[in-house]
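Each chain, written out:
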Amino acid sequence: MTIKCFVWIFLNGLIGCMESKAASSSNWKQLKKGTYDENLAPYRIEYLKSPKAIKKRPSLPLICPLDQTSCLLERLTQRKLAYAQLNWLKGYTIQLYTGSSRTAALKAQESVTTFAYTPKLHYRQPHYTVQLGFFGDRLEAYFVYLTLVKKIPSAMIRPSMLPNKAYLATIPHFKL
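What you are looking at is a predicted structure, and each value in this text was computed from that prediction instead of being measured. (Residues numbered from 1 in each chain as written. Predicted model: local features only at pLDDT ≥ 70, side-chain atom pairs only at ≥ 80, totals over all residues. Heavy atoms only, no water.)

Asks: It is not clear to me how the overall build of the protein should be interpreted in this structure. Could you clarify?
Replies: When you go through the protein residue by residue, the secondary structure sums to six helices and four strands. Secondary structure elements in the protein, listed N-terminal to C-terminal, are α-α-α-β-α-β-β-α-β-α. Every one of the 176 residues in the protein was classed for burial, and the buried ones make up 17%. Within the protein, contacts between residues at least 6 apart in sequence are counted, and of these 63% link residues at least 24 apart. Total accessible area on the protein stands at roughly 15,800 Å², and carbon and sulfur atoms take up 62% of it. (Helix = DSSP H or I, 4+ residues; strand = E, 2+ residues; numbered from the N terminus. Buried < 20%, exposed > 50% of the residue type's maximum accessible area, 1.4 Å probe, protein only. Contact = heavy atoms within 4.5 Å. Areas by Shrake-Rupley, 256 points an atom, 1.4 Å probe, with all protein chains shown as cover.)

Right, here's the structure in full:
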């Protein structure tokens, strides 16, 4: 026998096997009549069921593995010395308004006078900007922003730089 014969026998056997698994002869008769019914339940995928009750573990007290309170004073003095050497402090501010209208800028400034932070009006030709506070961390600014955004939807948090007072004292012709 040749390879063609083996391949032909194999393919015929495969087709015959597929026909017998696909549908029985009664299904072929129903298919010819125009109705077809086949049970597909054995081919459904079974999903894993989650357990009904999950045991809750008792909550443990939160323990910080790195206790830094003993060296806190030392770190604060290091940070103060580092800030004394910087000319500008990096931080964040909340911008309430930016545009060319002075009346709109003053209105935005008046609307937040009840907050703990004082709003500042800056003018750099041709735009007015109203900024609220200076925050060292974006998260600090975000908590204030959440209360402001209800009142002023156009408010946003933006990076800002504040000149260090020690740096300003070294500039000639500048008074504190």
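Asks: Which parts of the structure should I look at to understand the nonpolar core?
Replies: Note on soluble globular proteins: their nonpolar side chains tend to be buried together. Core analysis: the largest hydrophobic core is formed by 17 residues, its most contacted members being I94, L96, L132 and L148. Every element with two or more residues in this core is listed here: strand 1 (88-99), helix 4 (102-111), strand 3 (127-135) and helix 5 (138-151). Every residue in contact with L96, bar those within four places of it in the chain, is listed here: A108, V112, V130, L132, L148, I152, S154 and A155. (Core = buried A, V, L, I, M, F, W, Y, C linked by side-chain atoms within 4.5 Å.)

Asks: Looking at this structure, how should I read the packing of aromatic side chains?
Replies: With the rule as written, the count across this model stands at three aromatic pairs. Between the aromatic rings of Y117 and F135, the centroid separation amounts to 4.9 Å while the plane-to-plane angle is 70°, which identifies the pairing as edge-to-face. Of this pair, Y117 sits in the loop between helix 4 and strand 2 (119-124) while F135 sits in strand 3, placing them 18 residues apart in sequence. Judged by its relative accessible area of 1%, F135 is buried. (Phe/Tyr/Trp six-rings, centres within 6.5 Å; stacked < 30°, edge-to-face > 60°.)

Asks: How should the layout of surface pockets be read in this particular structure?
Replies: Rolled over the atoms, a probe as big as a water molecule pinpoints where empty space is left. The calculated volume of the largest pocket comes to roughly 490 Å³. In this structure, the largest pocket is lined by 17 residues; those nearest its centre are H122, Q131, S160, M161 and L162. Looking at the lining of the largest pocket, the elements that each hand over two or more residues are strand 2, strand 3 and strand 4 (156-163). At six residues, the largest contribution of residues to the lining of the largest pocket is made by strand 3. (1 Å grid on protein atoms, 1.4 Å probe; cavity = no way out; pocket = protein on both sides within 12 Å on 5 of 7 lines; lining within 4 Å. Points joined across faces, edges and corners; volume = space filled by probe spheres on them.)

Asks: Looking at this structure, how should I read the side chain of Q131?
Replies: By secondary structure assignment, the location of Q131 is in strand 3. Beyond its immediate chain neighbours, meaning those up to four positions away, Q131 contacts T93, I94, Q95, T118, P119, K120, H122 and R158.

Asks: Sorry, what's going on with the sheet that holds strand 4 here?
Replies: Pairing between the strands of a sheet comes from backbone hydrogen bonds, and it takes one of two forms, parallel or antiparallel. Strand order in the open sheet made by the four strands is 2-3-1-4, with antiparallel pairing throughout. Of all the strands in the sheet, the pair left with one neighbour each is strand 2 and strand 4. Between one strand axis and the next, the sheet turns through 45° on average, direction left out of account. Against the sheet, helix 4 touches strand 1, strand 2 and strand 3, its axis set at about 160° to strand 2. Taken strand by strand, helix 5 contacts strand 1, strand 3 and strand 4, and its axis lies near 20° from that of strand 1. (Pairing = 2+ DSSP bridges. Axes fitted to C-alpha atoms, helices over the stretch in contact; angles between N-to-C directions.)

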